[in-house]
Each structure stands twice: as structure tokens, then as C-alpha cells.
Amino acid sequence: MKRFMGAALAALFLSMTSGALPAAAQDAALLERGRHLVEVTGACGNCHTPMGPQGPDMTRALAGGNVFDEPPFRAVAPNITPDPETGIGRWTDAQIGRAIREGIRPDGRIIGPPMPMGLYRGLSDRDVAAMVAYLRTVPPVRNAVEASVYRIPLPPAYGPPVTSVPEPADNPIARGAYLANAVAHCMECHTPMVEGRNDFSRIGAGGMEFRGPWGVSVARNLTPHANGIGGWTDAEIIRAITTGVSQTGRPLAPPMAFWAYRNMTPGELSDLVSYLRSLPPLP
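Residues numbered from 1 in each chain as written. Predicted model: local features only at pLDDT ≥ 70, side-chain atom pairs only at ≥ 80, totals over all residues. Heavy atoms only, no water.

**Q** Looking at this structure, how should I read the confidence of the model for the protein chain?
**A** Parts of the prediction with low pLDDT should not have their coordinates interpreted in detail. Looking at the protein chain, pLDDT values average 90 and 92% of them are 70 or higher. Within the model, pLDDT remains below 50 along residues 1-19, and this stretch shows 20 contacts once partners closer than five positions in the same chain are excluded. (pLDDT = per-residue confidence, 0-100. Contact = heavy atoms within 4.5 Å.)

Here you go:
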């Protein structure tokens with residue numbers, strides 16, 4: 001029964017919100033929502049799709065292998081395609097959902113950083129079910145990756161088991177907060193770290209460093225302070241998110257997934273801006 005938990009949750013949600021929607025339409029809506037979450041707003045491929053000189057290698061979409069070598073760890077993104085040997089093809093729906101929201105693999109091992117487990121715990125039941133359903137449809141890619149090595153202790157758990165998470169409230173700031181935190185995890189990268197943990201008392205204040213072939217990039221302050229985006233127009237903020245061009249016209253450096261965020265809907269972008277405008281202005 002556990003194998004179908006995610007699909008059952010999604011079917012229940014759709015039946016409550018869309019009346020007597022035919023099963024085929026429910027399935028199509030579920031898969032489209034999952035595709036949008038995985039490929040666009042969640043930008044899972046920014047970590048889980050191998051990167052080439054021109055960006056993501058979509059012939060091996062979500063097949064893992066990217067290495068994040070930092071002082072606390074050498075993390076290797078796992079293969080999340082439904083390949084039965086090297087991916088998640090033998091995992092149940094419930095096991096995939098638990099790995100996403102709680103950071104626990106089927107064998108009980110804890111998933112470490114940079115997976116933003118603290119924020120993914122806020123993903124709604126509907127969206128987890130949609131992501132699981134979509135991941136089942138991704139072409140399986142056989143790609144064995146090396147194990148991650150952590151030079152810091154991982155917690156026994158990231159919190160109590162997640163039981164049920166509702167949809168965000170239906171207003172722009174709440175929807176934007178859900179996008180920026182649980183889905184796109186913007187605040188994971190744009191909030192300062194103290195002793196390996198985000199300091200959410202300074203949410204959105206930026207400062208985290210990212211090293212890669214591009215050199216070193218520093219996460220920008222996203223709060224409405226003069227040192228952040230307080231002087232930016234809505235259009236300038238949206239341009240930065242979707243094209244990687246700053247207010248001054250300067251190209252922004254990776255690892256932000258501009259290639260995925262350019263496909264966000266106008267409504268999502270408007271909600272995201274509303275949320276950023278609502279943050280406390282921090283220097």
C-alpha cells in the first residue's frame with residue numbers, strides 16, 4: 001500500500017478541488033504539476049543533472065554525479081532517475097517522498113547537505129505526490145555515482161516525521177514564501193550560514209560563497225535594504241531571476257538556475273517579488 005501513498009494523496013487533493021475531474025485529467029494535471037516543480041521552480045536538475053561546458057547535459061537528465069567539494073563534505077548528487085540499479089527505480093512512492101521531505105533513504109541513512117532538507121519539509125502533500133509521480137516518468141539512466149563523504153556529523157533526523165503539509169494560504173506573500181523556501185529553496189543559498197546552519201534571523205541577507213569553474217560567487221542580499229534589492233524595480237528583480245542579469249546589466253554567476261527559472265509563470269514571479277518585498281530589510 002505504501003507504494004501508492006503519494007498518488008493517493010494527489011488523487012484525493014484533486015478530487016476535493018476539481019469536482020468530478022476524469023481520472024485521465026487528474027493524472028495529466030498531477031504529472032504537469034510534478035514536471036513544473038522538478039524542472040522549473042524546484043530546478044532539481046541544477047544539482048542532479050550532470051553539467052557540461054554549455055550547462056546541463058539533458059541527455060542524462062537527473063542522473064546525478066555532480067560533485068560539491070567543500071571543507072565540510074564531498075557530496076555527490078545521486079541518480080534520481082527510475083533506473084533500478086543506480087537510481088530510484090526500486091524505491092516505493094512513500095520512500096521517495098520521505099527522502100525528499102525528511103532526508104532519509106530507504107535503508108535509513110541520512111541525506112546530507114547541500115540538499116536543503118530543512119526547507120523541503122515544508123513541501124505540501126500535493127506537491128510531493130506530484131514530484132514523485134513525475135520522477136517515475138523520467139527516462140531511466142544507468143549512472144552509478146560515488147558515495148558522498150561527510151567530514152561533519154550528520155543529525156540522526158532533521159525533525160519529527162512529516163505527517164501532512166497543506167497548500168500555502170491563497171495570497172501573494174504566502175505563495176511567494178512557499179516558492180522561495182519549500183520549493184525553490186532561494187533562502188537556503190541567500191541566508192547566511194553560522195556553524196553549518198542557516199541563520200534564519202537574517203533570512204535573505206546573503207553572503208554565502210559558492211566555488212566552481214567560474215571562481216567564487218557570493219549570494220546576494222535579497223532583502224529590501226539599500227545593500228540588497230531595495231532600489232530595484234520589480235522588472236529588474238524578475239530579469240535577474242530569469243536571465244541572470246543584474247540591475248546594472250552585469251551577468252550574474254552560477255550556481256543559480258537561471259536556465260530553469262526563466263520558465264516560471266508570471267504569477268509565480270509576481271508572488272516571489274511580493275515575498276521578497278515583505279522581508280525585513282537587513283544590511
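**Q** In this structure, what is going on with the state of the cysteines? I would like to understand it.
**A** Joining two cysteines, a disulfide is a covalent bond between their sulfur atoms. Applying the stated criterion across every chain yields a total of zero disulfides. The cysteine Cys44 is free of any disulfide, with Cys47 supplying the nearest cysteine sulfur at 8.8 Å. Cys189 takes part in no disulfide bond, and the closest cysteine sulfur to it belongs to Cys47, at a distance of 8.0 Å. (Disulfide = S-S within 2.5 Å.)

**Q** Honestly, the pairing of strand E9 (residues 215-218) in this entry has me stumped. Any pointers?
**A** Strand residues, when the strand is regular, have side chains that alternate between the two faces of the sheet. As paired strands, strand E8 (residues 209-212) and E9 are joined by four bridges and run antiparallel to one another. Looking at the pairing, Glu209 lines up with Val218 of E9. The turn joining E8 and E9, which pair antiparallel and follow one another in sequence, is formed by two residues. (Pairing = 2+ DSSP bridges. Helix = DSSP H or I, 4+ residues; strand = E, 2+ residues; numbered from the N terminus.)

**Q** Looking at this model, I keep getting lost on the sheet that holds strand E4 (residues 73-76). Mind explaining?
**A** Across a sheet, strands are paired by hydrogen bonds formed along the backbone, either parallel or antiparallel in direction. Spatial strand order, E3-E4-E5: three strands in an open sheet with antiparallel pairing. One side of each edge strand has no neighbouring strand; the edge strands of this open sheet are strand E3 (67-70) and strand E5 (149-150).

**Q** Quick question: what am I supposed to make of the side chain of Asn66 here?
**A** Mapped onto the secondary structure, Asn66 falls in the loop between strand E2 (55-56) and E3. Classification of Asn66 by relative accessible area gives buried; the value is 12%. In terms of polar contacts, Asn66 uses its side chain to reach the backbone carbonyl oxygen of Thr49, at 2.8 Å. Every residue in contact with Asn66, bar those within four places of it in the chain, is listed here: Asn46, Cys47, His48, Thr49, Pro50, Met51, Ala75, Val76 and Ala77. (Buried < 20%, exposed > 50% of the residue type's maximum accessible area, 1.4 Å probe, protein only. Polar contact = N/O pair within 3.5 Å; in protein donor to acceptor, adjacent residues only side chain to side chain.)

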